[in-house]
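Read off the chains here:
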Amino acid sequence: CRLAQQQKPHRTHIDRALLDLASHQLTGSRPHISGKITLLGTGDRSTLTVRWQMWVPESESPTDLPLSVNMAENEIRFTGQATKKDLPFAPDDPRATGRLLIEWQNSTYELTLATKKASGKGKTLVRKVKRILR
């Protein structure tokens, strides 16, 4: 208990992470992602890492994809580009799930990434009609 109390000032704590995606495509032969994370928390930021991961239900574990990260104060800017050979599953698999995983010593925070679904012809037509009627 004493050791845990002594380590308390060095522990990290993530209150919240706000994700702002500039662009992303999680399926296809060239998945990519870019944007920023506003991180609210306490601790030494020099030990913080961000990982871009994807998987399908039968994956043994998530696959790390290439990601470049720049940190300044509470803002983390990132960009990543993968190729189909980086993925251990078919690039167009609709079951693919993605996330950004923030690891900061004793703290982790997961930001789930959703695949942008292409709108169907019916939805596109409804949007056009609504615009005309405005």
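Residues numbered from 1 in each chain as written. Predicted model: local features only at pLDDT ≥ 70, side-chain atom pairs only at ≥ 80, totals over all residues. Heavy atoms only, no water.

Caption draft 1: The nonpolar core, seen in detail. In terms of nonpolar packing, the biggest core is built from 23 residues, with Ile 37, Leu 39, Trp 52, Leu 100 and Ile 102 touching the most fellow members. Within the residue set of this core, elements represented by two or more residues are strand E1 (13-25), strand E2 (32-42), strand E3 (48-55), strand E6 (75-81), strand E7 (97-104) and strand E8 (107-113). Examining the composition of this core, we find that four residues originate from one element, E3, more than from any other. (Core = buried A, V, L, I, M, F, W, Y, C linked by side-chain atoms within 4.5 Å. Buried < 20%, exposed > 50% of the residue type's maximum accessible area, 1.4 Å probe, protein only. Helix = DSSP H or I, 4+ residues; strand = E, 2+ residues; numbered from the N terminus.)

Caption draft 2: Representation of the pattern of salt bridges within the structure. Scanning the entire structure with this criterion turns up seven salt bridges. Here Arg 51 ties to Asp 64 by a salt bridge, and the two come within 3.1 Å at their closest N and O atoms. Residue Arg 51 is located in strand E3, and its partner Asp 64 is located in strand E4 (residues 63-65); the two are separated by 13 residues in the primary sequence. Classification of Arg 51 as partly exposed rests on a relative accessible area of 27%. A salt bridge links Glu 75 to Arg 77; the nearest nitrogen and oxygen atoms lie 3.0 Å apart. Taken together, the shared-partner salt bridges connect Lys 36, Glu 75 and Arg 77 into one network. (Salt bridge = Lys/Arg side-chain N within 4 Å of Asp/Glu carboxyl O.)

Caption draft 3: Quick look at the sheet that holds E3. Strand order in the open sheet formed by four strands is E4-E3-E7-E8, with antiparallel pairing between adjacent strands. Lying at the two open borders of the sheet, with one neighbouring strand each, are E4 and E8. Direction aside, neighbouring strands of the sheet carry axes that sit 35 degrees apart on average. In the sheet, E3 pairs with E4 via three bridges, with the strands oriented antiparallel. By the bridge assignment for E4, Gln 53 is matched with Asp 64. (Pairing = 2+ DSSP bridges. Axes fitted to C-alpha atoms, helices over the stretch in contact; angles between N-to-C directions.)

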